[in-house]
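# Remarks on the overall topology
Listed below, chain by chain, are the residues.
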Amino acid sequence: MFTEAQLYSPVTTSVDGDVTVHLSDEHPGVRDPEYRARRNAIAALALSHRPGSRTPRIDYTGEEQRVWRIVSAELARKRERYASVEVIEAAERLGLPTDHIPQLDEVTSKLVPLTGFRYAPAAGLVPLREFFGAFADRTFHSTQYIRHHSAPLYTPEPDAVHEILGHANQLASPRFAAIYAEVGAAVARITGEAALKFLADVFWFSMEFGVVREAGEVRCYGAGLLSSFGEIEEFRQADLRPLNIREMGTAVYDITHYQPVLFCAESIDEIEDVVGGFFATASDDAVAALTGVQPV
Ligand SMILES: [Fe+2]
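Structure report, in brief. (Residues numbered from 1 in each chain as written. Predicted model: local features only at pLDDT ≥ 70, side-chain atom pairs only at ≥ 80, totals over all residues. Heavy atoms only, no water.)

## With respect to the sheet that holds strand 7 (residues 239–242)
Strands sit in the order 6-5-8-7 across an open sheet of four strands; the sheet is mixed. Each edge of the open sheet is held by one strand with a lone partner, namely strand 6 (217–220) and strand 7. Averaged over all adjacent pairs, the angle separating strand axes in this sheet is 40°, with direction ignored. (Pairing = 2+ DSSP bridges. Helix = DSSP H or I, 4+ residues; strand = E, 2+ residues; numbered from the N terminus. Axes fitted to C-alpha atoms, helices over the stretch in contact; angles between N-to-C directions.)

## What to know about helix 6 (residues 160–171)
Counted residue by residue, helix 6 has 12 buried out of 12 residues, so it is predominantly covered. Where helix 6 is concerned, the buried positions are A160, V161, H162, E163, I164, L165, G166, H167, A168, N169, Q170 and L171. (Buried < 20%, exposed > 50% of the residue type's maximum accessible area, 1.4 Å probe, protein only.)

## Let's talk about the pairing of strand 5 (residues 211–214)
Bridge count between strand 5 and strand 6: four bridges; the pairing is antiparallel. By the bridge assignment for strand 6, R213 is matched with V218. Between strand 5 and strand 6, which pair antiparallel and follow one another directly, the connecting turn spans two residues, one of which, A215, has a positive phi of 50°. The pairing of strand 5 with strand 8 (residues 261–265) spans two bridges and is classified as parallel. Bridged to V211 within strand 8 is C264.

## Re the packing of helix 2 (residues 62–82) against helix 6
Helix 6 packs onto helix 2 with a crossing angle of 35° between their chain directions and a minimal axis gap of 11 Å. Along this stretch, helix 2 crosses helix 6, giving a crossing that reads as right-handed. Between helix 2 and helix 6, the residues in contact are W68, V71, S72, L75 and R79 and A160, V161, I164, L165 and N169, respectively. (Left-handed = near helix turned anticlockwise from the far one by under 90°. Contact = heavy atoms within 4.5 Å.)

## Looking at the pattern of salt bridges
Here the idea is simple: oppositely charged side chains can pair when their charged atoms come close. Per the stated rule, a full pass over the model turns up 13 salt bridges. Among the ionic pairs, D269 bridges to R175, the shortest N-O distance being 2.5 Å. Here D269 is found in helix 11 (residues 268–281), whereas its partner R175 is found in helix 7 (residues 174–189), with 94 residues between them in sequence. The exposure class assigned to R175 is partly exposed, which follows from its relative accessible area of 27%. The partner of E272 in a salt bridge is R175, and the shortest N-O contact between them spans 2.7 Å. (Salt bridge = Lys/Arg side-chain N within 4 Å of Asp/Glu carboxyl O.)

## Things to note about the side chain of T108
Along the chain, T108 turns up in helix 4 (residues 104–115). Here T108 falls in the buried class, since its relative accessible area comes to 10%. Not counting chain neighbours up to four residues away, the residues in contact with T108 comprise P113, F117, R118 and Y119.

## Digging into the packing of aromatic side chains
Ring pairs (aromatic) are described by centroid distance and by the angle formed between their planes. Within the structure shown, the criterion is met by 20 aromatic pairs. With a centroid separation of 5.3 Å and 15° between ring planes, the pair formed by F176 and Y221 is classed as stacked. One end of the pair, F176, is in helix 7; the other, Y221, is in the loop between strand 6 and helix 9 (223–226), with 45 residues separating them in the sequence. Just as F176 is buried, Y221 falls in that class too. Aromatic ring contacts, followed pair by pair, group F117, Y119, F131, F132, F135, F140, Y180 and F203 into a single cluster. Over the ring of Y145 we find R39; its NZ or CZ atom is 3.6 Å from the centre of that ring. For the cation-ring pair, K78 lies above F229, with the distance from its terminal atom to the ring centre recorded as 3.7 Å. (Phe/Tyr/Trp six-rings, centres within 6.5 Å; stacked < 30°, edge-to-face > 60°. Lys NZ or Arg CZ within 6 Å of the ring centre and 35° of its normal.)

## A short note on unusual backbone geometry
Here the phi dihedral of R138 falls at roughly 55°; this positive angle occurs in a residue that is not glycine. Here R138 is to be found in the loop between helix 5 (128–133) and strand 4 (139–142).

## Considerations on the state of the cysteines
Formally, a disulfide is one covalent bond, and it connects the sulfur atom of one cysteine to the sulfur atom of another. For the structure shown, the criterion picks out zero disulfides. Free cysteine C220: the closest other cysteine sulfur is in C264, separated by 11 Å. The buried category is assigned to C220, whose relative accessible area is 0%. (Disulfide = S-S within 2.5 Å.)

Listed below in structure tokens is the structure:
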């Protein structure tokens with residue numbers, strides 16, 4: 001998932017227990033009552049899930065499966081052209097289905113032998129501490145709904161395409177999975193909200209929107225880019241800056257547009273050293289030393 005609240009459609013539960021997903025007026029599915037009912041039902045399943053119990057299975061419709069087939073074929077083509085070799089090889093090992101939307105337990109059964117990561121259901125936004133903290137247990141909270149069929153290559157919010165084709169293909173790399181686990185361990189050390197937000201922003205500019213130079217070309221490894229049909233072709237036009245943890249943790253960004261500034265590593269080794277190294281030592285004091293702002 002993305003880490004900014006406004007990107008998610010809010011989910012509420014009435015006193016009668018009715019679950020409602022509140023789509024924005026610009027959402028492609030907002031005027032489709034069938035889609036809205038579907039979103040409510042899928043969110044309700046995630047909300048009723050208890051850790052340790054069976055992951056909810058979604059009976060995806062033919063239309064939803066068609067969206068997956070279209071977007072998964074398009075993104076596979078773009079991945080070959082624009083993604084880091086580390087991701088391309090991880091995706092090949094993972095072997096996600098192209099003909100149907102995988103259930104979360106199908107994603108888990110493919111990921112566990114590679115890196116030990118499991119997928120758990122999320123109705124929408126998961127609080128930062130819970131979302132990142134779960135990485136320590138190699139658990140990834142994932143939404144299960146899919147974008148509206150009228151716009152298969154566009155979504156205003158993170159859907160199963162982002163969670164699975166973006167994050168799972170990345171989490172199939174032991175090198176990237178180890179960085180996620182360091183994020184989870186860091187969250188257990190951090191108590192302040194400012195340091196947590198700083199960590200989330202470093203994650204945003206690395207595991208969500210990170211790019212890396214490979215064989216003279218800039219390629220992407222961030223899940224946000226890997227799952228975006230449009231942005232994956234545009235990131236080379238961004239203002240590419242060298243990795244700098246202080247800048248990544250304090251940069252101001254707008255989640256509703258293509259990212260104008262991206263941080264470009266020179267190699268996967270550098271991502272491990274600089275980004276992974278930060279997460280491995282991140283604490284309230286370490287962040288305060290970087291920002292000059294003392295924890296409150
Ligand atoms: Fe994400």
